[in-house]
Amino acid sequence: MIGAAVLGLGVIAAPATGGAQEPDRPPFQAWLAAVREEALTRGIRPEIVTQALGDVQEPLPVVIERDRSQAETVLPLETYVNRRLSRRTIANGRQMFARHQAVLADIEAEYGVPARIIVAIWGIESNFGRFSGVRPTVAALATLAWDPRRATFFRGELFDALEILNRGDIEYGRMKGSWAGAMGQPQFMPSSYLRYAADHDGDGRRDIWTSTPDVFASIANYLKGHGWTPDQRWGREVSIGADAAQRIADGVGRRDGTCQATRNMSVGLPLAEWTRLGVRAQNGSPLPTAAVTASLVSGASRHFLVYGNYDALLGYNCAHAYALSVALLGDRLGPATGASASTRPRAAAAAPPPTAAGRRRHRRPRTAARTAPRRVAVGQAARAKR
Ligand SMILES: [Ca+2]
């Protein structure tokens, strides 16, 4: 309740889906012929163009249908997050975390992204690799690129998909993913793949479909590329009383930004300022005194102060329901680390995040429409960025 009063973020708003008028456009096959020509001029090998685009006979009805029926359902943030963090998901996550401990530790050391965050993203994106989509990526992207709704974006992704095939990272027949073109276990859009997919098992291919080490390293590389700071946590749940809520509503503005989630959170303020406004840790104790800037994200009843690393999670999928699901699942998979991790040891928390000697750290990737949370409108447009 307070959340809605404070920032009006009680619900996850559905993205605008635009009108449904039929625009002028060429027949699919004529359109596809032009795409073939352009692919060749872009340097895609003729055999790849023939194989990948020759296989596409017509737009995939299921893709159009899914795209048109983007859920209008509006769920409270808390409801969405609770559904994502089922007991089974948490248990699976812990099991996977233990099973892949060695390679995860290696990747955490290399990229500076906590293993538990990597596993949490993997879990939310593809149920720990169990479901990464069965749609042929090229056909799905061709359908969405022909459809006028977001043609420009998906046309670019289509050419990026062809470029991936051109490079030989994946065979045409194995390039599958969501109906909206998000591929493999991390659900990367082709453009994200080209920028962030990583070959960690050393076989020379970036296989986000079947190589678990490559999947983990690709997720870590994406977060690193989107500004993940080693040894800092994502944020924390906080408690806000009625008086504090009123002070915040009166005096704290919202961020702006190109995605709805960044407009649905407060501007960044120092933790000390949040303390002055009356925000407390979830257990009622004082906030840490670390010199950290935090923004407030509120659901209908729960509140979170989020730090810079949370922006990296939004970079993966710009929706609070998504980022908080990942963050909170990650918290359930292992201990939080970092200078600002604890609410108690205030002396320790006062120091800026240390750079752990001997541990190389770095940043994060992007994807677009995914497979998983379709029943809630968590930003197809946002996903479409990954
Ligand atoms: Ca590989």
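Residues numbered from 1 in each chain as written. Predicted model: local features only at pLDDT ≥ 70, side-chain atom pairs only at ≥ 80, totals over all residues.

Now for the overall build of the protein. Across its full length, the protein carries 19 helices and seven strands. The buried share of the protein, taken over its 386 residues, is 50%. (Helix = DSSP H or I, 4+ residues; strand = E, 2+ residues; numbered from the N terminus. Buried ≥ 20, exposed ≤ 12 C-beta atoms within 10 Å, placed from the backbone.)

Taken together, five strands build an open sheet; the order of strands is 4-6-7-3-5 and the sheet is antiparallel. Bordering the open sheet on either side are strand 4 (269-270) and strand 5 (280-281), each of which pairs with just one other strand. Pairing geometry for strand 6 (residues 293-298) and strand 7 (residues 303-306), over four bridges, is antiparallel. Its bridge partner being in strand 7, Leu-296 is matched across the sheet by Leu-305. (Pairing = 2+ DSSP bridges.)

Looking now at the pairing of strand 3 (residues 235-239). In terms of strand pairing, strand 3 meets strand 7 through four bridges, oriented antiparallel. When the sheet's bridge partners are listed, Val-238 is paired in strand 7 with His-303. Bridge analysis of strand 3 against strand 5 gives two bridges, and the strand direction is antiparallel. Of the residues in strand 5, the one forming a bridge with Ser-239 is Arg-280.

Ala-244, Ala-245 and Ile-248 are the residues of helix 13 (residues 242-251) that are buried. Taken around the axis of helix 13, the buried residues stretch over an arc of 100 degrees, which confines them to a single face. Away from the buried face of helix 13 by more than 90 degrees, exposed residues Ala-242, Asp-243, Asp-250 and Gly-251 are located. (Arc of directions from axis to C-beta.)

Take the environment of Gly-204 next. Mapped onto the elements, Gly-204 comes out in the loop between helix 11 (190-196) and helix 12 (212-225). It is 8.1 Å that separates the C-alpha atoms of Gly-204 and Asp-169, two residues lying 35 residues apart in sequence.

Take helix 17 (residues 320-333) next. Spanning 14 residues, helix 17 covers 20 Å between terminal C-alpha atoms, matching the ideal 20 Å at 1.5 Å per step. Within helix 17, eleven of the 14 residues are buried, which leaves the element mostly enclosed by the surrounding structure. If you check which residues of helix 17 are buried, you get His-320, Ala-321, Tyr-322, Ala-323, Leu-324, Ser-325, Val-326, Ala-327, Leu-329, Gly-330 and Leu-333. (Expected span 1.5 Å × (residues − 1).)

For strand 6, the buried fraction is high: five of the six residues fall into the buried class. Hairpin connection between strand 6 and strand 7: a loop of four residues separates the two successive antiparallel strands.

Our focus in this paragraph is the packing of helix 4 (residues 61-68) against helix 9 (residues 137-146). A pair of packed helices can be characterised by two numbers: the angle between their axes and the separation between those axes. Two numbers describe how helix 4 lies on helix 9: the axes approach to 9 Å, and their chain directions differ by 55 degrees. If you check the angle between helix 4 and helix 9, you find them oblique. For the pair helix 4 and helix 9, the crossing hand works out as right-handed. Of the residues in helix 9, those in contact with Val-63, Ile-64 and Asp-67 of helix 4 are Ala-140, Thr-143 and Leu-144. In the contact of helix 4 with helix 9, the residues fall into four nonpolar, one polar and one charged. (Axes fitted to C-alpha atoms, helices over the stretch in contact; angles between N-to-C directions. Parallel < 35°, antiparallel > 145°, perpendicular 65-115°, else oblique. Left-handed = near helix turned anticlockwise from the far one by under 90°. Contact = placed C-beta atoms within 7 Å. Nonpolar A, V, L, I, M, F, W, Y, C, P; charged D, E, K, R; others polar.)

Right, let's talk about the confidence of the model for the protein for a bit. Interpreting fine coordinate detail is not advised for predicted regions of low pLDDT. Across the protein, pLDDT averages 84, with 80% of residues at or above 70. Confidence drops under a pLDDT of 50 for residues 1-20, and excluding neighbours within four residues, the segment shows 58 contacts in the predicted structure. Within the model, pLDDT remains below 50 along residues 338-386, and this stretch shows 170 contacts once partners closer than five positions in the same chain are excluded. (pLDDT = per-residue confidence, 0-100.)

In this structure, Phe-128 takes a positive phi of about 60 degrees despite not being glycine. In this fold, Phe-128 is placed in the loop between helix 8 (115-126) and strand 1 (135-136). Here the phi dihedral of Asp-231 falls at roughly 65 degrees; this positive angle occurs in a residue that is not glycine.

With that settled, the discussion passes to the packing of helix 2 (residues 28-41) against helix 3 (residues 46-54). Packing of helix 2 against helix 3 brings their axes to within 10 Å, and their N-to-C directions diverge by 155 degrees. Overall, the two elements helix 2 and helix 3 adopt an arrangement that is roughly antiparallel. Handedness of the helix 2/helix 3 crossing: right-handed. Taken together, the residues of helix 3 that come into contact with helix 2 (itself represented by Leu-32, Val-35, Arg-36, Ala-39 and Leu-40) are Pro-46, Val-49 and Leu-53. Here the residues of the contact of helix 2 with helix 3 are counted per class, giving seven nonpolar, no polar and one charged.

Another aspect to go through is the environment of Thr-79. On the secondary structure map, Thr-79 appears in helix 5 (residues 77-84). The class for Thr-79 is partly exposed, based on 16 C-beta atoms found within 10 Å. Between the alpha carbons of Thr-79 and Gly-299 there is a distance of 9.5 Å; along the sequence they are 220 residues apart.

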